[in-house]
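Inside the fold
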Amino acid sequence: MSLYYVQKLLYQLNRDPAIRKRFEESRDDLLAEYQLTDEERDAIVDGDIGLLYVMGVNGQLLMHYAALIGQEWDQYINAMKEGVEKHGPVREGLYTLLEDRSR
Amino acid sequence: MSLVFAGVCSHAPGITGRAHRADPAVRDAFYAKLGEMRERLEAARPDALIIVAAEHFANFFMNNMPAYCMGMAESYEGPIEDEEWLGIRHTTVPGDSDLSRRIIESMMGDIDLAYAEEWKFDHGIMVPLNFLTPRYDLPVIPVNVNCQGPPLTPLPRAYEFGRVLRRACDAQAERIALVGTGGISHWPATPNSGVINEAWDRDFLERFVANDRERLIAYTDAETFRDAGQGGFEIRTFITVAGATEGSTGELMFYAPIPIFAVGCTVATMNLA
């Protein structure tokens, strides 16, 4: 797990058009600069919001990333719920302590 | 001069981005009170607006996270978010680097704050500005209190930061307005999005308008997380405004939970003593 670098990449993608351009045009070179597992790399490339949430990515980073990749609000909220159903509870970070109040 | 206006309001991105999905009656009542807050702000004839917000990884990350940071730029840009998603156009917001520098220098005698000559605004600042300075014609000085990446500054320090900020404002010639932005109880950007603990919010707001320091700083982060979600950590911005207006009480102009906005929508101003 290298949650820090997953979050760092999302932070930079969210705020910096130049990083987004590199992500589009030379993705492998960009991703090589971050210490990512294959699962983490795939989750980012696939825009797998549910898995990224389960990995423990801070929600504010993830919300902006979901908007960046064009996910509608309900789709984004449901993706987190489906992620937990598919992959199990959040693995790391603040949300490991989160009690489900959504039902 | 001195501090001429102080208040707090919510900043959730849904307030502008998902406006069409809210109950129009409640939404419009909230917008009306934000409009009234703008009128009070304008009536105070400020030369600059200090906006104390809890940002969301627009500028600061866990590689080098300041507990407190103040902007010191000539101008700022925002929002970082997609314009359509947030419902706010990308723009440039004027700053006042000279005033920033004088306030920062004044504060540094009492508190170690970071400064930044580059700063991109996210919804934490852009949503309030959209209502309070919609023409972006008032110089803005951003302040961030880290409410996102723990460890977080303790609540008594947030109150003290406000006190020190007030002394620095009072030492300047300019007329300065102060607005704190954030949520009270909320679970934004999680599967619990839309959950709001109204009883907790109303109890917090009662402490806030009374400017009851001891009760405002009485929460532990574990209690806040349990009762008010991780979004509740943003009470630090309200507590900073309370510290800056110590000795004054406030007026709650509006509070109503609006679940699609993912927060209990709040507007309050302080009656400066």
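Criteria and cut-off values
The numbers attached to residues start from 1 for each chain and follow its sequence in the written order. Chains carry letters and ligands carry numbers; both start at the beginning, A for chains and 1 for ligands, and go up in the order they are written. Selection of residues for local features in this predicted model requires a pLDDT of at least 70, selection of side-chain atom pairs for listing and counting requires 80 or more, and totals for whole chains, interfaces and linings are taken over all residues. Water and hydrogen atoms play no part in the side-chain values, which are based on all heavy atoms of the structure. Helix numbering and strand numbering both begin at the N terminus, where a helix is a DSSP run of H or I of at least 4 residues and a strand a DSSP run of E of at least 2. To get the radius of gyration, use the C-alpha atoms; to get the globule rule, take the number of residues to the power 0.38 and multiply by 2.2 Å. Relative accessibility under 20% of the residue-type maximum defines a buried residue, over 50% an exposed one, and the middle range a partly exposed one, all with a 1.4 Å probe and only protein chains included. Residue burial considers only the protein chains on display, and all accessible areas are found by Shrake-Rupley using a 1.4 Å probe. The charge count includes Lys and Arg as positive and Asp and Glu as negative, but it does not include His or the ends of the chains. Throughout, a charge is located at the NZ atom of Lys, the CZ atom of Arg, the CG atom of Asp or the CD atom of Glu. Pairs of residues are marked as contacts when any of their non-hydrogen atoms sit within 4.5 Å. Note on terms: buried area is the combined drop in 1.4 Å-probe accessible area of two parts once they are placed together, counting the loss on both. Throughout this description, the term salt bridge denotes a Lys or Arg side-chain nitrogen within 4 Å of a carboxyl oxygen of Asp or Glu. Under this definition, polar contacts are N or O atom pairs within 3.5 Å; protein pairs additionally need one hydrogen-donor-capable and one acceptor-capable atom, and for neighbouring residues in sequence, both atoms have to be side-chain atoms. As a working rule, the residues Ala, Val, Leu, Ile, Met, Phe, Trp, Tyr, Cys and Pro are called nonpolar, Asp, Glu, Lys and Arg charged, and the rest polar, with Gly in that last group. A helix is expected to span 1.5 Å for every residue after the first. Working definition: a ring pair exists when centres of Phe, Tyr or Trp rings (six-membered ring for Trp) sit within 6.5 Å. Plane angles under 30 degrees give stacked, over 60 give edge-to-face, the rest tilted. The rule for pairing is simple: two strands pair if DSSP sees at least two bridges between them. Take the buried residues of types Ala, Val, Leu, Ile, Met, Phe, Trp, Tyr and Cys, join any two whose side-chain atoms come within 4.5 Å, and each joined set is a nonpolar core. Per-residue confidence from the predictor is reported as pLDDT, which spans 0 to 100.

Turning next to the overall build of chain A. The number of helices and strands found in chain A is seven helices and zero strands. Secondary structure elements of chain A, listed N to C terminal, follow the sequence α-α-α-α-α-α-α. The globule rule puts the C-alpha radius of gyration for 103 residues at 13 Å, and the 13 Å found for chain A is close to it. Reported as C-alpha extents along the three principal axes, the dimensions of chain A are approximately 40 × 30 × 20 Å. By residue count, 50% of the 103 residues in chain A fall in the buried class. Working note: accessible area of chain A is about 5,100 Å², and carbon and sulfur atoms make up 44% of it. Distance between charge centres in chain A, computed from 12 positive and 19 negative side chains, equals 4 Å.

Quoted interface sizes are often the accessible area lost when the parts come together. In this assembly, 33 residues from chain B lie in contact with 30 residues from chain A. Here chain B and chain A share an interface that buries about 2,900 Å² over both sides, 63% of which is from carbon and sulfur atoms. When residues of chain B are sorted by the area they lose upon contact with chain A, Phe61, Ala189 and Pro191 of chain B head the list and together hold 23% of the total. Our count for the contact surface shared by chain B and chain A stands at one salt bridge. In this structure, the salt-bridge partner of Asp74 of chain A is Arg21 of chain B, at a minimum N-O distance of 3.0 Å. One can count ten residue pairs in polar contact (both at pLDDT 80 or more) joining chain B with chain A. Broken down by element, the side of chain B that touches chain A gets its largest block of residues, three residues, from helix H9 (residues 221-228) of chain B. Classifying every residue of the side of chain B that touches chain A by side-chain character gives 17 nonpolar, nine polar and seven charged.

As for its placement among the helices and strands, Thr190 of chain B is situated in the loop between strand S8 (176-181) and helix H7 (198-209). Judged by its relative accessible area of 0%, Thr190 of chain B falls in the buried class. Side-chain polar atoms of Thr190 of chain B contact the backbone oxygen of Trp187 of chain B, separated by 2.9 Å. Every residue in contact with Thr190 of chain B, bar those within four places of it in the chain, is listed here: Tyr53, Tyr76, Ile77, Met80, Tyr95 and Leu98 of chain A together with Gln230 of chain B.

Here we come to helix H6 (residues 155-170) of chain B. Here H6 of chain B spans 23 Å end to end across 16 residues, near enough to the 22 Å set by a 1.5 Å rise per residue. Every buried residue of H6 of chain B is accounted for by Leu155, Ala158, Tyr159, Phe161, Gly162, Val164, Leu165, Arg166, Ala168 and Cys169 of chain B.

Residues and elements named next belong to chain B. Under the definition given, this model contains 18 aromatic pairs over all chains. Where Phe204 meets Phe238, the ring centres are 6.0 Å apart and the plane angle is 55°; that geometry is what we call tilted. Here the residue Phe204 occupies a position in helix H7, and Phe238 occupies one in helix H10 (residues 235-244), the gap between them amounting to 34 residues. Residue classification places Phe204 among the buried positions, given a relative accessible area of 0%. Exposure remark for Phe238: the relative accessible area of 1% places this residue in the buried category.

Another point: the pairing of strand S7 (residues 140-145) of chain B. When a strand is regular, its side chains alternate between the sheet's two faces. All names here are of chain B. For S7, a buried count of six out of six residues is recorded, marking the element as mostly surrounded by other parts of the structure. Relative to S7, strand S2 (residues 48-53) is paired through five bridges, and the arrangement is parallel. Residue pairing for S7: Ala53 is matched across the bridge by Asn144. Here strand S3 (residues 68-71) pairs with S7 via three bridges, running antiparallel. Bridging across to S7, Cys69 finds its partner in Asn144.

Below, the discussion takes up the nonpolar core. Among the nonpolar cores identified, the biggest contains 137 residues, and Ile50, Ile103, Met107, Phe204 and Phe208 of chain B are the most heavily contacted of them. When near neighbours in sequence (up to four residues on either side) are disregarded, Ile50 of chain B contacts Ile103, Ile141, Val143, Leu165, Cys169, Ile176, Ala177, Leu178 and Val179 of chain B.

What follows covers the confidence of the model for chain A. Taken as a whole, chain A shows an average pLDDT of 94; of its residues, 99% reach a score of 70 or greater. Mean pLDDT values over the elements of chain A span from 94, in helix H6 (residues 59-68) of chain A, up to 97, in helix H5 (residues 49-55) of chain A.

Residue and element names in this part refer to chain B. Taking every second residue as pointing to the same face, both faces of S3 are buried, with Tyr68 and Met70 on one and Cys69 and Gly71 on the other. Inspection of the sheet shows S3 paired to strand S6 (residues 114-116) by three bridges, in the parallel sense. When the bridges of S6 are listed, Met70 appears paired with Tyr115.

Looking now at the environment of Lys86 of chain A. Tracing the sequence through the fold places Lys86 of chain A in helix H7 (residues 73-87). Residues Lys86 of chain A and Leu51 of chain A lie 35 residues apart in sequence; the distance between their C-alpha atoms is 8.5 Å.

Attention now goes to helix H5 (residues 123-132) of chain B. Residues and elements named next belong to chain B. The element H5 is largely enclosed, with a buried count of nine among its ten residues. Of all the positions in H5, only His123, Gly124, Ile125, Met126, Val127, Pro128, Leu129, Phe131 and Leu132 are classed as buried. Capping of H5 at its N-terminal end is provided by Asp122; its side-chain oxygen lies 2.8 Å from the backbone amide nitrogen of Gly124.

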